[in-house]
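# Observations on chain architecture
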Amino acid sequence: QIIVFGNGNMGKLVRKFLQRKDIGITAYMDNNEQLWGQSDAGIPIVAPQDGVRQYADAVYLVANVNYYKDIVKQLVSLGISGERIITCFDYESLLF
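Just so you know, the residues in each chain are numbered from 1, in the order the chain's sequence is written. Where local features are concerned, this predicted model is filtered to residues with pLDDT of at least 70; where side-chain atom pairs are given and counted, the filter is 80 or more; whole-chain, interface and lining totals use all residues. Each side-chain value is derived from all of the structure's non-hydrogen atoms; neither hydrogens nor water enter the calculation.

For the rest of this paragraph, the subject is the overall build of the chain. Numbering of helices and strands runs from the N terminus, with a helix taken as a DSSP run of H or I at least four residues long and a strand as a DSSP run of E at least two residues long. Within the chain, the regular secondary structure consists of 4 helices and 6 strands. Taken from N to C terminus, the helices and strands of the chain fall in the order β-α-β-β-β-α-β-α-β-α. Based on C-alpha atoms, the radius of gyration is set beside the globule rule, defined as 2.2 Å times the residue count to the power 0.38. Expected size for 96 residues packed as a compact globule is a radius of gyration near 12 Å; at 12 Å, the chain falls within 12% of this value. In terms of principal-axis extent, the alpha carbons of the chain reach across some 35 × 25 × 25 Å. Counting every position in the chain, which comprises 96 residues, the buried fraction comes to 43%. Working definition of accessibility: Shrake-Rupley area with a 1.4 Å probe, residue cover restricted to the visible protein chains. Of the roughly 5,600 Å² that the chain leaves accessible, carbon and sulfur atoms contribute 49%. Only four residue types enter the charge count, namely Lys and Arg as positive and Asp and Glu as negative; His and the chain termini do not. Taken as the charge centre is NZ of Lys, CZ of Arg, CG of Asp or CD of Glu, depending on the residue. When the 9 positive and 10 negative side-chain charges of the chain are each reduced to one mean point, those points stand 3 Å apart. Three exposure classes are used, based on accessible area relative to the maximum for each residue type with a 1.4 Å probe and protein chains only: buried under 20%, partly exposed in between, and exposed over 50%.

Shown next, in the form of structure tokens:
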């Protein structure tokens, strides 16, 4: 299972990059309460607390340019091992 934390521009870019590699995303997580319960491209958007509970064994891709360090800390505080967290904060690395 792959969870993308962040449904902004970087999250959408990560989704497109993974789709080109035939890798699916299980869910998005986002701190924006207004997005919870919605979906993007058929992928559900969940609250971080719910996502961690539902997808405890997933790999978490942090897709945020400005707040990735804070999001990593948030995931660790929610019980996710740092070994299962990958940060995606460089647009150029996803374009090739």
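Turning our eyes to something else, we now look at the sheet that holds strand β3 (residues 39–40). The strand order across the open sheet formed by 6 strands is β3-β4-β2-β1-β5-β6, and the pairing between neighbours is mixed. For this open sheet the edge positions go to β3 and β6 (85–88), each flanked by a neighbour on one side alone. Pairing analysis gives 2 bridges linking strand β2 (residues 27–29) to strand β4 (residues 43–46), with the strands arranged parallel. Counted as the bridge partner of Y28 is I45 from β4. In this analysis, two residues are considered to be in contact whenever any of their non-hydrogen atoms come within 4.5 Å of each other. Axis lines are fitted through C-alpha atoms, for helices just across the contact stretch, and the angle between N-to-C directions can take any value from 0 to 180 degrees. Relative to the sheet, helix α1 (residues 9–20) contacts β1 (2–5), β2, β3, β4, β5 (59–63) and β6, its axis offset from that of β5 by approximately 130°. The rule for pairing is simple: two strands pair if DSSP sees at least two bridges between them.

A side-chain nitrogen of Lys or Arg and a carboxyl oxygen of Asp or Glu constitute a salt bridge if their distance falls within 4 Å. This structure, assessed with the given rule, holds 2 salt bridges. When the shortest N-O distance is used, the salt bridge between R53 and D50 registers 2.4 Å. Of this pair, R53 and D50 both sit in helix α2 (residues 48–54), 3 residues apart, which is roughly one turn of the helix. Looking at R53, the relative accessible area reads 59%, which means it is exposed.

A word on the pairing of β6. The side chains of a regular strand alternate between both faces of the sheet. Note that β5 and β6 share 4 bridges and pair parallel. Each bridged residue has a counterpart across the sheet, and for V62 the counterpart in β6 is T87.

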